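# Structural overview for review
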Amino acid sequence: MRFPLALTAKIAGHIIKHKLRRTPKFAMVLQLEPLHTCNLTCTGCGRIREYSTSLKDMVPLEKCLEAAQECEAPMVSICGGEPLIYPKIEELVDGILRQGRIVYVCTNGMFMRKKMRDYLASIYSPALEPKLQRLLDEKLIADKEAESIRKAGDDARARTVIRPTSWMYWNVHIDGLEYTHDLIVEREGVFKECVEAIKMAKILGYQVATNTTVYKGTEAQEIEEMFKYFSWLGVDGHTISPGYDYDAAKKDMVKRLAKKPEDFFLTRRMTREKFARVQDWGRLFTIFGTPVYQEFLAGKRELTCTAWAIPTYNVKGWKAPCYLMTDGHYAGYHEMLREVKWENYGVVDGKARDSRCENCMVHCGYDPSGALGTNYQRGDNWKNIKYNFSARPKPYARGHEVKAFNGASIGKGHLAEAKAAINSTTTNSNGACGSGDTRQRDDLLAKLADKKEV
Ligand code: SF4
Ligand code: SF4
């Protein structure tokens, strides 16, 4: 199975319960942002800019747990900002697991190894030595770190830690192979750290997914190579979504500069071109999401946005209408469901109800539509069941042949050019963490394309 049976049953049970009750709108995944602080400053990141005045604010632990209970989503994606900076992240993960929900910790990967060392320290006994030795042999921990794991005192043992369970995934943000990824996150070495963290997580028995946003400047071929590489590393699944630009200035820029929208933005047509092979990727790799959403991405059908099914809760409250756009924040999930005029958003039969939605095909707006049977076509349920229950694709056997470390590479300054390019691009951005505004990234990738050696 692509997704563990207990988790599939949890989600299916949730949908069936609400269908039987005829609940018109309900949550499938909660995007929980306990804070917006981040250790990185990715090009075009909307979160650290949109919430720049509240970067120091955090949602108290109890409020986070209440939000999950309030919306009753069976899955909670803890994102941010960088959620591993949240001081009570261990208690948060633990609390949501205790509520019986599936947890995704969406991270840029930089603190994962530290959190896994805390876990090792909390369970250390001599029986753990073979595993420690393997981590040392593969240079995933240093001698000094192994020593402090061995010498961990009662405090470390009593601490709440993030431990491996089939109900939790590390969801690591990866936007390409080394060159592209480090460029986008604006720091050399981040891709390497993510790879090392993923290797360590797999040795320790954690479930790991990767989370990729495809931009205008991202080659589809590179995405496929990236899947091969991470599948070979034993990653359990991949989430993939198109980035897009809904910037309100689009029309003005087009008008003033007399440029075609496709010169600037990832349009629906471009998204469909980039995702032309998404169904093949779904057969070859463990791509999370429904085959119906994949058909939508490949341009084979239309779907209606169901943004209310993936609500976002953060320091300002329930963000509406969706993860990407902010027209307001509400105190309660049900209040948001009642107050927002959902019929004013999305694209129906190719027509945008809101011009900002025109080119949006993102996962958080449309993947639930595939699972909930919006725009149902005969055979959809069977397709979804077959996809989830069929055998999980085997790890890609020749992933070691992928030139994943294609940066100049670490420590050799391959980002110098990128930094200069960044300084000359606009800093106005309304996109979201890991998705949304594509303009800065696209600019950057275009400026550096000729130097890229993929
Ligand atoms: S995209 Fe995510 S990792 Fe990057 S700066 Fe924004 S919050 Fe941090
Ligand atoms: S179509 Fe996209 S931008 Fe518009 S409301 Fe839905 S998810 Fe948000």
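Before going into details, it helps to say that this report is about the structure given with it. (Residues numbered from 1 in each chain as written. Chains lettered and ligands numbered in written order. Predicted model: local features only at pLDDT ≥ 70, side-chain atom pairs only at ≥ 80, totals over all residues. Heavy atoms only, no water.)

## Side note on a nonpolar patch on the surface
- Judged by side-chain polarity, M1, L5, W382, I385 and F389 come together as a nonpolar surface patch covering roughly 530 Å² of accessible area.
- With 3 residues, the single largest contributor to the nonpolar patch is helix 19 (residues 380-389). (Patch = residues over 30% accessible without salt bridge, like charges linked within 9 Å, V, L, I, M, F, W, Y side chains within 5 Å. Areas by Shrake-Rupley, 256 points an atom, 1.4 Å probe, with all protein chains shown as cover. Salt bridge = Lys/Arg side-chain N within 4 Å of Asp/Glu carboxyl O. Helix = DSSP H or I, 4+ residues; strand = E, 2+ residues; numbered from the N terminus.)

## Quick word on helix 5 (residues 112-123)
- When the terminal C-alpha atoms of helix 5 are compared, their 17 Å separation across 12 residues agrees well with the 16 Å that a helix rising 1.5 Å per residue should span.
- Of all 12 residues in helix 5, 10 are buried; the element is thus mostly enclosed. (Expected span 1.5 Å × (residues − 1). Buried < 20%, exposed > 50% of the residue type's maximum accessible area, 1.4 Å probe, protein only.)

## A few points about the nonpolar core
- Core analysis: the biggest nonpolar cluster contains 123 residues, and L30, L92, W170 and F230 have the highest contact counts within it.
- Considering every element that reaches this core, the biggest residue donor is helix 10 (residues 190-204), with 10 residues.
- In contact with L92, not counting residues within four places along its chain, are L32, P34, L61, C64, L65, I78 and Y86. (Core = buried A, V, L, I, M, F, W, Y, C linked by side-chain atoms within 4.5 Å. Contact = heavy atoms within 4.5 Å.)

## Here's the deal with the pattern of salt bridges
- All chains considered together, the criterion is met by 29 salt bridges.
- One salt bridge in this structure joins R150 and E129, with 2.7 Å as the shortest N-O distance. Note that R150 is positioned in helix 7 (residues 143-150) and E129 in helix 6 (residues 129-137), a separation of 21 residues in sequence.
- Note that E138 is salt-bridged to R134, the shortest N-O span being 3.2 Å.
- One network of salt bridges, with partners in common, ties together R113, K192, E193 and E196.

## Some points on the sheet that holds strand 7 (residues 312-314)
- Read from one edge to the other, the open sheet built from 9 strands follows the order 6-5-4-3-2-1-7-8-9, with strand pairing classed as mixed. With one partner strand each, in any of the chains shown, strand 6 (237-242) and strand 9 (326-330) form the two edges of the open sheet. Ignoring which end each strand starts from, the neighbouring axes of this sheet average 25° apart.
- For strand 2 (residues 75-78) and strand 3 (residues 102-107), the ladder comprises 4 bridges, and the chain directions are parallel. Along strand 3, the bridge assignment pairs I78 with V105. (Pairing = 2+ DSSP bridges. Axes fitted to C-alpha atoms, helices over the stretch in contact; angles between N-to-C directions.)

## Section: the environment of Y169
- Structurally, Y169 can be placed in strand 4 (residues 168-173).
- Taking the C-alpha atoms as reference points, Y169 and C106, 63 residues apart in sequence, are found 8.5 Å from one another.
- Apart from residues no more than four positions distant in its own chain, Y169 is found in contact with F3, P4, L7, V103, Y104, V105, Q207, V208, A209, D236 and F288.

## Quick notes on the packing of aromatic side chains
- This model, assessed by the stated rule, comprises 19 aromatic pairs.
- Pairing Y229 with W232 gives two aromatic rings, centres 5.8 Å apart and planes at 40°, and the pair type is tilted. Here the residue Y229 and the residue W232 both occupy positions in helix 11 (residues 220-232), the gap between them amounting to 3 residues, near one helical turn.
- Since its relative accessible area comes to 6%, Y229 is described here as buried.
- Between F275 and W281 the ring centres are 6.3 Å apart and the planes differ by 65°, which places this aromatic pair in the edge-to-face class. The same class applies to F275 as to W281, namely buried.
- Ring-pair connections join several aromatic residues into one group, and the members of that group are F191, Y229, F230, W232 and F405.
- The ring of Y387 has R2 sitting right over it, with the charged end atom 3.9 Å from the ring centre.
- Of note, R47 hangs over the ring of Y323, and the distance from its end group to the ring centre comes to 4.2 Å. (Phe/Tyr/Trp six-rings, centres within 6.5 Å; stacked < 30°, edge-to-face > 60°. Lys NZ or Arg CZ within 6 Å of the ring centre and 35° of its normal.)

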